[in-house]
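Each chain is listed here by its residues.
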Amino acid sequence: MPELPVATGQGDGTSSATLDDQLAAVVAAVDAAPGRPLVVGHSAASSLAWPAADRRPEKVAGVALVGGFPAPDGRAYADFFAVEDGVMPFPGWGPFAGADSADLDEETRHRLASVAVPVPEGVARGVVRLADERRFEVPVVVVCPEFTPAEAKAWIAGGDSPELARAARLEYVDLDSGHWPMATRPRELARVLAEAARSVA
């Protein structure tokens, strides 16, 4: 396997990284991958996975979005929480009360919070740019953890995700968990992603 690039500002102590920096790292990983990879984005990083398909529609076999929906062109990447000293730190569990975190015990909450990487301001407030209409031909698998496929379909039909509303091939997979299935249902998530990769191959 080729050595993949590390996204600047993703745990390396760099707070000056931009959204373009991180997207460049994702695209470089796509370019370095043998064959045509499935690109996976979790939560806000759905807006990294989808622009990768925009930049490399002929190279990306499919996109899997876990608990998130891609921002449209011209929208901020993830301007959700307060920025402090040039980064957006983990805001605590208050904003994630309810279905997002209901399956997390205290030990897991502490562990996740302790390893959470603050998002550089230039990433969180970076503007998503999409230009290649061929992205809509890239297959998309929406993995539904803290919400159901029926809810996701209703949100997309109601205009909450204009990008996915135009996707030519859109599948939904139910995964009964909270927002962090990689922590609470890792085997099930791995199976879902493996099946998604096979379905778009």
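In what follows, the structure referred to is the one given above.
On a predicted model such as this, the values are computed, not experimentally measured, just so you know.

A. Spatial organisation of the side chain of Glu163. Looking at the secondary structure, you find Glu163 in helix 6 (residues 162-165). Accessibility expressed as a relative area gives 6% for Glu163, which makes it buried. Among the polar contacts listed, one links the side chain of Glu163 to the side chain of Trp50, at a separation of 2.7 Å. In this structure Glu163 touches Trp50, Pro70, Ala71, Pro72, Asp73, Leu130, Arg135 and Phe136, once residues within four positions along its chain are discounted.

B. Region of the structure containing the layout of surface pockets. The computed volume of the second largest pocket comes to approximately 480 Å³. Here the residues of the lining of the second largest pocket are counted per class, giving twelve nonpolar, six polar and three charged.

C. Just the environment of Pro34, in detail. You can see Pro34 is positioned in the loop between helix 1 (19-32) and strand 1 (38-42). On the basis of relative accessibility, which here comes to 59%, the residue Pro34 falls in the exposed class. A sequence separation of 25 residues divides Pro34 from Lys59, and the C-alpha atoms of the two residues are 10.0 Å apart.

D. Focus on the packing of aromatic side chains. Enumeration according to the criterion identifies eleven aromatic pairs in this entry. Where Trp50 meets Phe136, the ring centres are 6.3 Å apart and the plane angle is 55 degrees; that geometry is what we call tilted. Of the two residues, Trp50 sits in helix 2 (residues 46-55) while Phe136 sits in the loop between helix 4 (121-124) and strand 5 (140-144), which places them 86 residues apart along the sequence. Each member of the pair, Trp50 together with Phe136, is buried. One aromatic cluster in this structure is built from Phe80, Phe81, Phe90, Trp93, Phe96 and Trp180. Lying across the ring of Trp93, Arg109 places its NZ or CZ 5.6 Å from the centre.

E. Focus on the nonpolar core. Core analysis: the biggest nonpolar cluster contains 30 residues, and Trp50, Val60, Val63, Tyr77 and Val140 have the highest contact counts within it. Contributing elements (two or more residues each) for this core: helix 1, helix 2, strand 2 (62-66), strand 5 and helix 5 (149-157). Setting aside residues no more than four positions away along its own chain, Val140 makes contact with Trp50, Val63, Leu65, Leu164, Ala167, Arg169, Leu170 and Glu171. Val143, Leu175, Leu189 and Val192 belong to the second largest nonpolar core, which has seven residues in total.

F. Structural context of helix 5. Of the residues making up helix 5, those classed as buried are Pro149, Ala152 and Ile156. Projection of helix 5 onto a plane perpendicular to its axis shows the buried side chains occupying an angular sector of 60 degrees, all on one side. Of the exposed residues in helix 5, the ones pointing more than 90 degrees away from its buried face are Ala150 and Ala157. Of the surrounding elements, those touching the buried residues of helix 5 are strand 5, helix 6 and strand 6 (170-174). At the exit of helix 5 stands Gly159, carrying a positive phi of roughly 95 degrees.

G. Spotlight on helix 8 (residues 186-200). Compared with the 21 Å implied by 1.5 Å per residue over 15 residues, the 21 Å span of helix 8 between its first and last C-alpha is a close match. Turning to helix 8, its buried residues number three or more, namely Leu189, Val192, Ala196 and Val200. Down the axis of helix 8, the sector holding all buried residues measures 60 degrees, keeping them to one side. Among the exposed residues of helix 8, those pointing more than 90 degrees away from its buried face are Arg187 and Arg198. Where helix 8 is buried, its residues contact strand 1, strand 2, strand 5, strand 6 and helix 7 (181-184).

H. Seen up close, the pairing of strand 5. Most of strand 5 is tucked away, with five of its five residues classed as buried. Burial of strand 5 is two-sided: the residues Val140, Val142 and Cys144 facing one way and the residues Val141 and Val143 facing the other way are all buried. For strand 2 and strand 5, the ladder comprises four bridges, and the chain directions are parallel. Looking across to strand 5, one finds that Ala64 is bridged to Val141.

Analysis parameters
Residues numbered from 1 in each chain as written. Predicted model: local features only at pLDDT ≥ 70, side-chain atom pairs only at ≥ 80, totals over all residues. Heavy atoms only, no water. Helix = DSSP H or I, 4+ residues; strand = E, 2+ residues; numbered from the N terminus. Buried < 20%, exposed > 50% of the residue type's maximum accessible area, 1.4 Å probe, protein only. Polar contact = N/O pair within 3.5 Å; in protein donor to acceptor, adjacent residues only side chain to side chain. Contact = heavy atoms within 4.5 Å. 1 Å grid on protein atoms, 1.4 Å probe; cavity = no way out; pocket = protein on both sides within 12 Å on 5 of 7 lines; lining within 4 Å. Points joined across faces, edges and corners; volume = space filled by probe spheres on them. Nonpolar A, V, L, I, M, F, W, Y, C, P; charged D, E, K, R; others polar. Phe/Tyr/Trp six-rings, centres within 6.5 Å; stacked < 30°, edge-to-face > 60°. Lys NZ or Arg CZ within 6 Å of the ring centre and 35° of its normal. Core = buried A, V, L, I, M, F, W, Y, C linked by side-chain atoms within 4.5 Å. Arc of directions from axis to C-beta. Expected span 1.5 Å × (residues − 1). Pairing = 2+ DSSP bridges.

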